[in-house]
Amino acid sequence: MEASWVHTFHSDPWIVDAQILADLLGILSKIEELSLNIGTTFAPEHFDDIFSIARPNLKSLSIIFRPYVQKATYYQFLKGSYFDNLLTHVASWPSDSQLQRLSIVQTSPPEMSSHFAQPIVFFSLQPLAGLVSSSALRKTAHFRFSVPNRPIADAIRTPKPRLDAVTLLDLSTTSVNPNAISKTLLPQFPNLIHLILDECAIVSRATELTGEFSTLGQLCATSPIDKARSREKKLKEIAALRRTAIESASVSNPTTETSAPTQLKKSKKGRRGLAAPAFSLREKVSDNQLPVVDSSTSIGADSIILLEKIRILPTQGKLQTLCTTVFTTPTQEQIDFWQGEFAAGWTKGSRSLEAVQKRLFSSLAHHLIRLFRFATPEEQLQPKEDEMLKLPELEDLVEVTTEEFEVYLQMPIQPPRLCFGGMEGVPHVEMCGHQVSWKL
């Protein structure tokens, strides 16, 4: 049989001769669907053999780790035997990767082994930041990363994530809190439809839950505001750095014609409405880190004025279902109550979002601001005619017209549905994230 004929490969046993399996997969270069169960016989070196070379035809990759042992051992720790290289290898694949489904799961440790520390799969989650920033994931629609009790938010918070295609995200068993959902997960995954956070303890373990889901709903609805303001703050920081660079250039070389840039009007003090705070917790930038600005033309000055006038339009996300679990099996009455609380919080947050949008609309109508929104991947590929809009800081933004803005004000905002079906005996919400993932 020709190796090119094999398009699907599943390895279900936990105990295998890992080197033979790695050698076999090295021959099967045309695989489109690959599923591996990784037990104690695997070492990181085997992943080097399997994944160091890109697999351009691979559309679905599922890796399940079960590294647990019956007796305490420190061999893995002493050798530094961790599987961080899996994340690094996949991140290094080229942008023409066809990977649509990526699932990396570590099973929960057995209860009987709680008296000694079990081996861990990933020494650091820092390579995960490189993975979510990789162009190899630009077509990935379903992404699962489940590693028990590991904090996930900081690892996937990157300046330029490549996660626009992700519609289903499963971070079950990881450590996630409501603020991380609002400030990291929803902003990083702009087209997310289904979010699965089973066994993540996103609500308290109190006997009676009162208000937690209302707060969660409000945080989810106002997430676009946080994302927009965070981006506005970055643009203003860039404008401030450019202003400092121009002023430094004029001081060091007073004979240079810098009349236009150096006469920039500085922002007035006082209340600035939607603007970012006047202070920053970031470290002070040294002179050698200042951006290079062409002070012989007015482009430097014009770019500063533009960046200072830009406001970002927060638009409601696409989240439809949020799957989670609580500390004990809920009754249907409790589920209905929590859904009502979540919807009420979502409605309250949506009103705050609408208020921000209307203030921006008023400022736009009076020509006080330049209004932009986050671009879709397709829009980012389209050429821009205005030279000023070709600034690298604006590559993922598109300008909003008055006519387009009115459409956003008329868009209906429906609260996502909660699903507790990940718990035994609890029914699923129709077309929840669980059910969508089962069909994959």
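Just so we're clear, the structure is a prediction, and the values are computed from it rather than from any experiment.

K.L.:
Describe in detail the pairing of strand β1 (residues 8-11), supporting the description with residues and values.
P.N.:
Alternating residues of β1 divide into Phe 9 and Ser 11, all buried, and Thr 8 and His 10, none buried. Sheet analysis places β1 next to strand β2 (residues 33-38), joined by four bridges and oriented parallel. Across the sheet, residue Thr 8 finds its bridge partner in β2, namely Glu 33.

K.L.:
I'd like to hear about the packing of aromatic side chains, residue by residue, with values.
P.N.:
Per the stated rule, a full pass over the model turns up 13 aromatic pairs. The interplanar angle of 50° and the centroid separation of 5.2 Å between the aromatic rings of Phe 65 and Phe 83 together place this pair among those described as tilted. With Phe 65 in strand β3 (residues 60-65) and Phe 83 in the loop between α3 (75-79) and α4 (84-91), this pair connects stretches of sequence that are 18 residues apart. For Phe 65, a relative accessible area of 1% gives the class buried.

K.L.:
Outline the sheet that holds strand β11 (residues 397-399), supporting the account with residue identities and numerical values.
P.N.:
If you trace the three strands from one edge of the open sheet to the other, you get β8-β10-β11, paired in mixed fashion. Unpaired on one side and paired on the other, β8 (310-312) and β11 mark the two borders of the sheet. Neighbour-to-neighbour, the strand axes of this sheet turn through a mean angle of 40°, independent of strand direction. Where β8 lies against strand β10 (residues 370-374), three bridges are found, and the strand directions are parallel. Paired with Arg 311 across the bridge in β10 is Leu 371.

K.L.:
Kindly report on the sheet that holds strand β12 (residues 417-419), identifying the contributing residues and their values.
P.N.:
Across the sheet, nine strands lie side by side as β1-β2-β3-β4-β5-β6-β7-β9-β12; this open sheet has parallel pairing. The sheet is open, and its two edges are formed by β1 and β12, each paired on a single side. This sheet shows a mean twist of 10° between the axes of neighbouring strands, independent of strand direction.

K.L.:
For the packing of helix α2 (residues 44-51) against α4, give the residues involved together with the corresponding values.
P.N.:
Contact geometry for α2 and α4: axes closest at 9 Å, N-to-C directions at 15°. Taken together, the axis directions place α2 and α4 in an arrangement best described as roughly parallel. In the crossing of α2 with α4, the sense of the turn from one axis to the other is right-handed. Within the contact between the two elements, α2 uses Pro 44, Phe 47, Asp 48 and Phe 51 and α4 uses Asn 85, Leu 86 and His 89. By residue class, the composition of the contact of α2 with α4 is four nonpolar, two polar and one charged.

K.L.:
Tell me about the side chain of Thr 321, and please be specific about residues and values.
P.N.:
Summarising the element assignment, Thr 321 is placed in strand β9 (residues 321-324). Take Thr 321: its relative accessible area is 0%, and that puts it in the buried class. Separated by 3.4 Å, the side chain of Thr 321 and the backbone nitrogen of Gly 433 make a polar contact.

K.L.:
Please give an account of the side chain of Asp 170 that cites residues and values.
P.N.:
Structurally, Asp 170 is set in strand β6 (residues 168-170). Discounting chain neighbours no more than four positions away, the residues touching Asp 170 are Phe 143, Arg 144, Phe 145 and Ile 196.

K.L.:
Tell me about helix α11 (residues 332-365), residues and numbers included.
P.N.:
Relative to the 50 Å expected for 34 residues at 1.5 Å per residue, α11 spans 48 Å between its end C-alpha atoms, a close match to the ideal helical length. Positive phi appears at His 367, one or two residues downstream of α11, with a value of about 60°.

K.L.:
So what's going on with the environment of Arg 157? Which residues, and what values?
P.N.:
Mapped onto the elements, Arg 157 comes out in the loop between α6 (153-156) and β6. A C-alpha to C-alpha distance of 9.6 Å links Arg 157 and Leu 128, two positions 29 residues apart in sequence. Not counting chain neighbours up to four residues away, the residues in contact with Arg 157 comprise Thr 184 and Gln 188. Here the side chain of Arg 157 touches Thr 184 through a polar contact of 2.9 Å, side chain to side chain.

K.L.:
Tell me what's going on with α4, and back it up with residues and numbers.
P.N.:
Across the eight residues that make up α4, a large majority, six, are buried. Those residues of α4 that sit buried are Asp 84, Asn 85, Leu 86, Leu 87, His 89 and Val 90. Next to the buried residues of α4 lie α2, β3, β4 (101-106), α5 (126-132) and β5 (142-146).

K.L.:
I'd like to hear about the pattern of salt bridges, residue by residue, with values.
P.N.:
On inspection of all chains with the given rule, the structure shows eight salt bridges. A salt bridge links Lys 183 to Asp 226, with the nearest nitrogen and oxygen atoms 3.4 Å apart. You can see Lys 183 sitting in helix α7 (residues 178-188) and its partner Asp 226 sitting in helix α8 (residues 212-252), a full 43 residues away along the chain. The salt bridge involving Arg 243 is made with Glu 308; its shortest N-O contact spans 2.8 Å. Of this pair, Arg 243 sits in helix α8 while Glu 308 sits in helix α10 (residues 299-309), and the two are 65 residues apart along the sequence. Exposure remark for Arg 243: the relative accessible area of 10% places this residue in the buried category.

K.L.:
Give me unusual backbone geometry: which residues, what numbers.
P.N.:
Positive phi outside glycine occurs at Ala 201, with the angle close to 55°. In this structure, Ala 201 sits in the loop between β7 (194-197) and α8. Judged by relative accessible area, which is 58%, Ala 201 ranks as exposed. In this structure, His 367 is a non-glycine residue whose phi angle is positive, near 60°. By secondary structure assignment, the location of His 367 is in the loop between α11 and β10.

Scoring rules and cut-offs
- All residue numbers here refer to positions counted from 1 along the written sequence of the relevant chain.
- Predicted model: local features are reported for residues with pLDDT of at least 70 only, side-chain atom pairs are reported and counted for 80 or more only, and whole-chain, interface and lining totals are derived from all residues.
- Each side-chain value is worked out from all heavy atoms of the structure, with water and hydrogens disregarded.
- Between buried and exposed lies partly exposed: a residue is buried under 20% and exposed over 50% of the maximum accessible area for its type, with that area taken using a 1.4 Å probe on protein chains only.
- Working definition: helices are DSSP H or I runs of at least four residues, strands are E runs of at least two. Numbering for both runs from the N terminus.
- For two strands to count as paired, DSSP must find a minimum of two bridges between them.
- Whether two aromatic rings pair depends on their centres lying within 6.5 Å, for rings of Phe, Tyr and Trp, where Trp uses its six-membered ring; planes under 30 degrees apart make the pair stacked, over 60 edge-to-face, and the rest tilted.
- Only the contacting stretch of a helix is used when fitting its axis, a line to C-alpha atoms as for every element, and angles between N-to-C directions run 0 to 180 degrees.
- Any angle between 65 and 115 degrees counts as roughly perpendicular, while under 35 counts as roughly parallel, over 145 as roughly antiparallel, and the rest as oblique.
- Each crossing is labelled by how the near helix is turned from the far one, with a counterclockwise turn of less than a right angle marking it left-handed and a clockwise turn marking it right-handed.
- Note on definitions: a residue-residue contact is assigned when non-hydrogen atoms from the two residues lie within 4.5 Å.
- Three classes are used: nonpolar for Ala, Val, Leu, Ile, Met, Phe, Trp, Tyr, Cys and Pro, charged for Asp, Glu, Lys and Arg, and polar for all others, with Gly counted as polar.
- What qualifies as a polar contact is a pair of N or O atoms within 3.5 Å, subject to a donor-acceptor requirement within protein and to the restriction that residues adjacent in sequence count only when both atoms come from side chains.
- Multiplying one less than the number of residues by 1.5 Å gives the expected span of a helix.
- Here a salt bridge means any side-chain nitrogen of Lys or Arg lying within 4 Å of a carboxyl oxygen belonging to Asp or Glu.

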